[in-house]
Amino acid sequence: MSPSSPASEIEQSVSKLLQATKKLLESLTAWSFGELPDNQVHQDYQTLDTHFSHISRTFELLLLPME
């Protein structure tokens, strides 16, 4: 498989989505202890949203259902 194959694209996108999810969870935990400001949590949420949107578009382009 070449690096630009659909399977590779999906794998990379899912990995980024999972990493962003983990980062947001870590940020929320730190925020709950007063160790992180609101704006950092918001930035991490926006990153997660960006990755989710990207993978959703990728799945749509490849005609893969998201249900």
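As a convention, each chain's residues are numbered from 1 in the sequence order in which they are written. Given that the model is predicted, a residue must reach a pLDDT of at least 70 before its local features are reported, and side-chain atom pairs must reach 80 or more before they are shown or counted; all residues, however, enter totals for whole chains, interfaces and linings. Each side-chain value is derived from all of the structure's non-hydrogen atoms; neither hydrogens nor water enter the calculation.

Peer 1: Got a sec to walk through a nonpolar patch on the surface? Specific residues and values, please.
Peer 2: On the surface, a cluster of nonpolar side chains totalling about 290 Å² of accessible area is made up of L25, L28 and W31. Here a strand is any run of E in DSSP of at least two residues, a helix any run of H or I of at least four, and the numbering for each starts at the N terminus. Positionally, W31 belongs in helix α1 (residues 6-32). According to the relative accessible area criterion, W31 is partly exposed, its value standing at 41%. Residues qualify for a patch when their relative accessible area is over 30% and they have no salt bridge, like charges being joined within 9 Å and the nonpolar side chains of Val, Leu, Ile, Met, Phe, Trp and Tyr within 5 Å. Per-residue and other accessible areas were derived by the Shrake-Rupley procedure at a 1.4 Å probe size, with only the shown protein chains allowed to occlude residues. Think of a salt bridge as a Lys or Arg side-chain nitrogen and an Asp or Glu carboxyl oxygen that are within 4 Å of each other. Burial here depends on accessible area, computed with a 1.4 Å probe over protein chains only, as a share of the maximum for the residue type. Under 20% is buried, over 50% is exposed, and the range in between is partly exposed.

Peer 1: Lay out the nonpolar core with the relevant residues and their values.
Peer 2: What makes a nonpolar core is a set of buried Ala, Val, Leu, Ile, Met, Phe, Trp, Tyr and Cys residues whose side-chain atoms join them at distances within 4.5 Å. With seven residues, the main nonpolar core is built from L17, A20, L24, V41, L48, I55 and F59. The element best represented in this core is helix α2 (residues 38-61), accounting for four residues.

Peer 1: Give me the lowdown on the UniProt feature "domain: Aip3p/Bud6 N-terminal" (unreviewed entry) in the protein chain, citing residues and values where you can.
Peer 2: This chain's UniProt record puts "domain: Aip3p/Bud6 N-terminal" (unreviewed entry) on residues 11-62. Between the first and last C-alpha atoms of residues 11-62 the distance is 13 Å; the span itself is 88% helix and 0% strand. UniProt positions are given in the numbering used here, feature names are shortened, and annotations may be inferred rather than shown by experiment.

Peer 1: Could you give me a rundown of the environment of L61, with the residues and numbers involved?
Peer 2: Within the element layout of this structure, L61 appears in helix α2. For L61, a relative accessible area of 72% gives the class exposed. Here the alpha-carbon distance between L61 and G34, two residues 27 residues apart in the chain, equals 41 Å.

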